[in-house]
Amino acid sequence: MSTVALVALARPTFDLTCAQANFDSARALLTELGASVVGPSELVMTVDDLAAVKLPAADIHILFMASFADASPAVELFGKVKGPILGWSMREPGEVGERLKLNSMCGVNLAAHALMNVGQSIRHIHGNADEANVRSAIRDALAGKLPEATAPKSIVGEFAPAGEVEKAFAWLKGKKIGAVGDAPIGFTPCVFDAQQINKYFGLDVRQITINDAFGRIAEVKEEARELAYANAVAAQPSLSSVNVDEAKKVYGVEVALDTWREEESLDAIAIRCWPEFPTDMGACICSSLGRLSDRGTVTTCERDVLGAVTMMVCESLGSDENYLVDIVDLDADKGLVRLWHCGSAATKLAADPQNATQTTHCNRKLGVAGNFPLKTGPVTLFRIDRDVDPSNSTGLRMVVSRGESIPAPNHFQGNTATVITQPDAAALVNGIVTGGYPHHLVISWIDVRPGIRQMAKMLGIPLTEW
């Protein structure tokens, strides 16, 4: 009989009833298949919950992502145990157009990146306990055969002329990214090295604290806030249904960030958008980032500076507006993934820009966030990431793939793109998770892969292409 150390992570802003029910089903399946299950029977969500977890020795360690959670508990509990860790993510419940109730897959993706950063490895199962393929995979794991760390077959394509990429480097050189606050706890993809970014891409990073940002917001004059709100309502009349006080706070943030952009000649802003904005200011600032993006400033949430670098590299190679997304859903039979974030997309990226609805944030229920599907067409998925491989002198790596964003309703409240991937969708997800790649990818609607290939070659940065 195998001893399984099972821990379920969750966050209170998601659907805890569903999360607990899935976890109960997982424990029941493991027990039914003959495992001796150790670990807490309740969801681990708080610092006190984490401190109470005492895991005895086990044959298998399963990180059950009952909903999204940051990666710090995963690292604390599983960073030093004998691996690989088995990450288990759940399918998204609910009807089309509802909020993302669990965001479980993204949680496993984030945890995998953080675990890789401490030298741990992860394998991945996606699906609910009542699915035949999940049951089979768990049975195999209990018999000592974990899922394989498979990925799509690597491909090699044509390279852009070196001269084109030299022009891209010249375009990037001296551009500035404003970084607001620290990376959220447990968000290892959002950690960056400013000197490294400057060395390889010529970009400068200017940092301020959250308190500095709040001070700037407090200095915004009432008439400027009112004008920004009026302009936002004129652009998207759906905004008029959102709580006015919350909306005016959000567009005050827009004014403050835009003023900072002008003062510092910033080309991008990466901001720690939570928890302080919803908890301390009482609003979600997604829509302010979208409006800045519509006017040409690259914006990223969760203070993802390397995400902003990735977006700027895409632009330097000829892409127009692009967006930072999570992989949140997989339909292996249809060969598609759903890419999502909670509502900070530029309205020009909407499938129908005239109806790019503005509403409340899907989880926080505060204004203002966009709620519309992203536009269709061929897409590139790209990410620049830090590399922990000591043999890589650059300390960076890149991953890129391709797909087609197809017409579909906005599957999850916020901004969703439904993408049929060029490689097998399940293999792509498995490669990203088990490869420890970031949970944030950049989706671009122009094929910039030839330039990416040449840029990676010229910089000596390893590129994985699927």
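Look up a bit, the structure's there.
I will try to describe carefully the structure that is included in this document. Model, not experiment: these values are computed from the prediction.

Each value, and the rule that gives it
- Residues numbered from 1 in each chain as written.
- Predicted model: local features only at pLDDT ≥ 70, side-chain atom pairs only at ≥ 80, totals over all residues.
- Heavy atoms only, no water.
- Helix = DSSP H or I, 4+ residues; strand = E, 2+ residues; numbered from the N terminus.
- Rg over C-alpha atoms; globule rule 2.2 N^0.38 Å.
- Buried < 20%, exposed > 50% of the residue type's maximum accessible area, 1.4 Å probe, protein only.
- Contact = heavy atoms within 4.5 Å.
- Pairing = 2+ DSSP bridges.
- Axes fitted to C-alpha atoms, helices over the stretch in contact; angles between N-to-C directions.
- Disulfide = S-S within 2.5 Å.
- Expected span 1.5 Å × (residues − 1).
- Polar contact = N/O pair within 3.5 Å; in protein donor to acceptor, adjacent residues only side chain to side chain.
- Phe/Tyr/Trp six-rings, centres within 6.5 Å; stacked < 30°, edge-to-face > 60°.
- Lys NZ or Arg CZ within 6 Å of the ring centre and 35° of its normal.
- Core = buried A, V, L, I, M, F, W, Y, C linked by side-chain atoms within 4.5 Å.
- Right-handed = clockwise from strand over helix to strand, strands pointing away.

## Digging into the overall build of the chain
Counting its secondary structure elements, the chain contains 15 helices and 18 strands. Taken against the 2.2 N^0.38 rule, which gives 23 Å for 466 residues, the C-alpha radius of gyration of the chain at 22 Å falls within 12% of a compact globule. Each of the three principal axes of the chain carries a C-alpha extent, and together these read 70 × 50 × 40 Å. Each of the 466 residues in the chain was classed as buried or not, and the buried ones make up 61%. Sequence-distant contacts, at least 24 apart, represent 78% of the contacts inside the chain between residues at least 6 apart.

## What to know about unusual backbone geometry
Of note, the bond from Gly 83 into Pro 84 is cis; its omega dihedral lies within 30 degrees of zero at 0°. Within the secondary structure, Pro 84 is located in the loop between helix H3 (72-78) and strand S4 (85-89). Cis geometry is adopted by the peptide bond preceding Val 368, which originates at Gly 367 and carries an omega value of 10°. Within the secondary structure layout, Val 368 lies in strand S13 (residues 367-370). Located in the positive-phi region is Asn 103, a residue other than glycine, with phi close to 55°. Residue position: Asn 103 is located in the loop between S4 and helix H4 (104-117). Assessed through its relative accessible area of 4%, Asn 103 is described here as buried. Positive phi, normally seen in glycine, also occurs at Lys 365, with a value near 60°. Summarising the element assignment, Lys 365 is placed in the loop between strand S12 (358-360) and S13.

## Here's the deal with the sheet that holds strand S3 (residues 60-65)
Pairing is parallel in the open sheet, where 5 strands are placed in the order S2-S1-S3-S4-S5. If you trace the sheet from one side to the other, it starts and ends with strand S2 (36-38) and strand S5 (122-126), each paired once. For this sheet the average axis-to-axis angle between neighbouring strands, irrespective of direction, equals 30°. Pairing analysis gives 4 bridges linking S3 to S4, with the strands arranged parallel. Residue pairing in the sheet places Met 65 in a bridge with Ser 89 of S4.

## Some thoughts on the sheet that holds strand S7 (residues 204-208)
Within the open sheet, the 4 strands sit side by side as S7-S6-S8-S9. Their pairing is parallel. A single partner strand is all that each edge strand has here, and the edge strands are S7 and strand S9 (298-300). The mean inter-strand angle of the sheet, taken between neighbouring strand axes irrespective of direction, is 15°. Relative to S9, strand S8 (residues 268-271) runs parallel, the two being bridged by 3 bridges. Bridge pairing links Ile 269 to Thr 299 in S9. In the packing of helix H8 (residues 210-218) onto the sheet, the strands contacted are strand S6 (176-180) and S7, and the crossing angle to S7 comes to about 75°. Strand contacts of helix H12 (residues 286-294): S8 and S9, with the helix running at about 160° to S9, the strand carrying the most contacts.

## As for the state of the cysteines
Inspection of every chain in the model, using the stated rule, returns 0 disulfides. Cys 301 provides the cysteine sulfur closest to Cys 314, a residue in no disulfide bond, and the two sulfurs are 16 Å apart.

## Quick look at helix H13 (residues 305-316)
Taking 1.5 Å per residue, 12 residues should reach 16 Å; H13 reaches 16 Å between its end C-alpha atoms and fits that length. Burial within H13 is extensive, with 12 of its 12 residues counted as buried. Every buried residue belonging to H13 is among Val 305, Leu 306, Gly 307, Ala 308, Val 309, Thr 310, Met 311, Met 312, Val 313, Cys 314, Glu 315 and Ser 316, and all of these are buried. Its side-chain oxygen 3.5 Å from the backbone nitrogen of Leu 306, Asp 304 forms the N-cap of H13.

## A short note on the packing of aromatic side chains
How two aromatic rings sit relative to each other is given by the distance of their centres and the angle of their planes. Scanning the entire structure with this criterion turns up 8 aromatic pairs. With a centroid separation of 5.8 Å and 85° between ring planes, the pair formed by Tyr 437 and Trp 466 is classed as edge-to-face. In this pair, Tyr 437 is assigned in the loop between helix H14 (425-434) and strand S17 (440-444) and Trp 466 in the segment after strand S18 (463-465), connecting sequence segments 29 residues apart. Exposure remark for Tyr 437: the relative accessible area of 7% places this residue in the buried category. Among the aromatic residues, those joined into a cluster by ring pairs are Phe 14, Phe 68, Phe 187 and Trp 274. The cationic tip of Lys 175 hangs over the ring face of Trp 171; the distance from NZ or CZ to the ring centre is 4.1 Å. If you follow Lys 457 out to its NZ or CZ, it ends over the ring of Phe 159, 5.5 Å from the centre.

## Focus: the environment of Ala 74
Checked against the element boundaries, Ala 74 lands in helix H3. With residues near it in sequence (within four places) discarded, Ala 74 still touches Leu 9, Leu 63, Gly 79, Ala 111 and Leu 115.

## Describing helix H10 (residues 244-264)
Over its 21 residues, H10 extends 30 Å from the first C-alpha to the last, a length consistent with the 30 Å expected when each residue adds 1.5 Å. A positive phi of about 55° marks Ser 265, the residue just after H10.

## Things to note about the nonpolar core
One finds Leu 9, Leu 63, Ile 327, Val 337, Leu 339, Leu 374 and Ile 443 to be the most contacted residues of the largest nonpolar core, which totals 46 residues. With 41 residues, the next largest nonpolar core counts Ile 210, Ala 213, Ala 247 and Phe 277 among its residues.

## Some words on the pairing of S5
Strand residues, when the strand is regular, have side chains that alternate between the two faces of the sheet. The buried fraction of S5 is high, at 4 of 5 residues. As judged from the 5 bridges shared by S4 and S5, these two strands associate in the parallel manner. Bridge assignment links Ile 85 to a residue of S5, and that residue is Ile 122. Since S4 and S5 lie parallel, the crossover through H4 that links them has a hand, and here it is right-handed.

This is a description of form; function is not addressed.
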